[in-house]
Amino acid sequence: MHLHSKLPNIGTTIFTVMSGLATKTGAINLGQGFPDFPMDPDLVELVAKAMRDGYNQYAPMPGHPPLLETLSGKIELLYKLAVHPLSEITITPGGTYAIYTALSTILQPGDEVIVFEPAYDSYIPNILMNGAVPVAVPLEYPSYKIDWKKAHKAKTAKTKVIVLNSPHNPTGAVLSEDDIEELRRLVYDTNIFIVSDEVYEHIILDGIPHCSILRYPDLFERSFVCFSLGKVFNCTGWKLGYCVAPETLTKEFRKFHQFDAFSCFTPTQVALASFLKEPSHYLSMPDFMQKKRDFFQELMSATRFNALPTHGSYFQIYSYKDISDEPDSEFAKTLVAQCGVAAIPVSAFYQSGKDDKVLRFCFAKKSETIVSAVEKLSKV
Ligand code: GLN
């Protein structure tokens, strides 16, 4: 049998590669982004209760209605936008799926998509799967801010989508009000859609407000805004997210969703419908994560790694220029082998493999994990 690959140049995701290596060698895994501390036991109990109460059959295709209602209330509270719960929010099996479905909903073969690099690793394959063309625009090193002049240069008559991600994976950069103004200029008077990946909306640090696209009604009208509940509640294995988009866009999105997943795991939706009603459950996240990031940074300051500025996400990036000349993918393997710590090489987030000698470390870990990992890293 011969299968003509639709993704001939795509290998196995770096997260699988580095987690596999960490498991095989027993290294501390600061690579793939997931917490190693327990999630809230009250939420676990609510899921168990939902199962005991018989919520074990298909949820409605768009999502469990009380959860849609609660999410709409949360959006109103945080971003002052009234979104219709039943026609503008769709529950998805994770944020990645929401992004893929949004891109599939919009793209026709040959369309161009502006993507800023380094880019979360699913975006470009998702664009290629739709026969569309990724147009990569590099973020400025080392601030990883958007150079809007370059973004304007990348815009053509074929540009159909711009993908945004704030807080940004892998760099932790965040969008500012100035960026939003520039974005407005870029899309004004065009038919360019926005796919906004905001899975780290509650992991934004240093007191910075989250410039969600949901804050700007004029931008929201052309947007699919994607979230991950696994990220908000430290349960990445739940693979539960949602997409917020205006009604006409949501209608098209659901045409795909109804034949891809149809609906998502019911008990977690039932549990979250009540758990999310208490804003402190998510408003406490920035403080909680800030303590972890600051603790990690403080310990790491005694090593030879140099921290680059980050303001959000699960990740802190470090330059290792003063330590080694090895390419980052090699250096990441050396670290696992010689030091017993796994990290992610940032070149994996560039199509070209651009290598600025930067590694990404996940700090969403127990204090003991952070202490042991940094102890090992200090020997480098
Ligand atoms: N988002 C996580 C990260 O960036 C990993 C998700 C995945 O493994 N696909 O590390």
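Everything numeric in this text was worked out from a predicted model, so none of it was measured.

Calculation criteria
Residues numbered from 1 in each chain as written. Predicted model: local features only at pLDDT ≥ 70, side-chain atom pairs only at ≥ 80, totals over all residues. Heavy atoms only, no water. Near = heavy atom within 4 Å. Polar contact = N/O pair within 3.5 Å; in protein donor to acceptor, adjacent residues only side chain to side chain. Nonpolar A, V, L, I, M, F, W, Y, C, P; charged D, E, K, R; others polar. Axes fitted to C-alpha atoms, helices over the stretch in contact; angles between N-to-C directions. Helix = DSSP H or I, 4+ residues; strand = E, 2+ residues; numbered from the N terminus. Left-handed = near helix turned anticlockwise from the far one by under 90°. Contact = heavy atoms within 4.5 Å. Phe/Tyr/Trp six-rings, centres within 6.5 Å; stacked < 30°, edge-to-face > 60°. Buried < 20%, exposed > 50% of the residue type's maximum accessible area, 1.4 Å probe, protein only. Lys NZ or Arg CZ within 6 Å of the ring centre and 35° of its normal. Core = buried A, V, L, I, M, F, W, Y, C linked by side-chain atoms within 4.5 Å.

Colleague: I'm lost on the site of the ligand in this one. Help?
Modeller: As a structural note, the neighbourhood of the ligand is formed by F15, Q32, G33, Y120, N169, K231, F315 and R360. Q32 has a polar side-chain atom sitting 2.6 Å from an oxygen atom of the ligand. Partitioning the shell around the ligand into residue classes produces three nonpolar, three polar and two charged.

Colleague: How should I be thinking about the packing of helix α5 (residues 95–106) against helix α11 (residues 247–260) in this particular structure?
Modeller: If you want to describe how two helices pack, look at the angle between their axes and the distance between the axes. It is the contact of α5 with α11, at a shortest axis distance of 9 Å, that shows an interaxial angle of 115°. Classified by chirality, the crossing of α11 by α5 is right-handed. Contacts between α5 and α11 involve Y97, A98, T101, A102, S104 and T105 from the first element and L249, E252, F253, F256, H257 and D260 from the second. Broken down by class, the residue content of the contact of α5 with α11 amounts to six nonpolar, four polar and two charged.

Colleague: What is the right way to look at the packing of aromatic side chains in this model?
Modeller: The geometry of an aromatic ring pair is captured by the separation of the ring centres together with the interplanar angle, meaning the angle of the planes. Counted by the stated rule, this structure contains 20 aromatic pairs. Taking the centre distance of 4.8 Å and the plane angle of 20° together, the rings of F227 and Y242 count as stacked. A residue pair is termed long-range when its members are at least 10 positions apart, and F227 in strand β7 (residues 223–228) and Y242 in strand β8 (residues 241–244) qualify at 15 residues. When its relative accessible area of 2% is taken as the criterion, Y242 is described as buried. Between F305 and F331 the ring centres are 6.4 Å apart and the planes differ by 50°, which places this aromatic pair in the tilted class. Taken as a pair, F305 in the loop between α14 (285–300) and β9 (306–307) and F331 in helix α15 (residues 328–339) lie far apart in primary sequence, 26 residues in all. For the residue pair F305 and F331, the accessibility class agrees, reading buried in each case. One residue, K365, lies across the ring of F34, its end atom 3.8 Å from the ring centre.

Colleague: Looking at this structure, I do not really get the nonpolar core. What am I missing?
Modeller: One broad rule of soluble globular proteins: the nonpolar side chains tend to lie buried together. Counting residues in hydrophobic clusters, the biggest one holds 65 residues, and the most contacted among them are V161, F224, M289, F296, F305, L359 and F361. Apart from the residues lying within four places of it in its own chain, the contact partners of F361 are L30, F296, M300, F305, Y314, F315, Q316, Y318, L335, V341, A343 and L377. Listed in part, the 60 residues of the second largest apolar core include Y79, I213, C264 and L308.

Colleague: Would you explain unusual backbone geometry in this entry?
Modeller: Across the chain, the bulk of peptide bonds are trans and the bulk of non-glycine residues have phi less than zero. With an omega of 5°, the peptide bond between E117 and P118 qualifies as cis. Here P118 shows up in the loop between β3 (112–117) and α6 (123–129). With an omega of 15°, the peptide bond running from N169 to P170 counts as cis. Locating P170 in the fold gives a position in the loop between β5 (159–165) and α8 (177–187). Although it is not a glycine, D189 adopts a positive phi angle of roughly 65°. Along the chain, D189 turns up in the loop between α8 and β6 (193–197).

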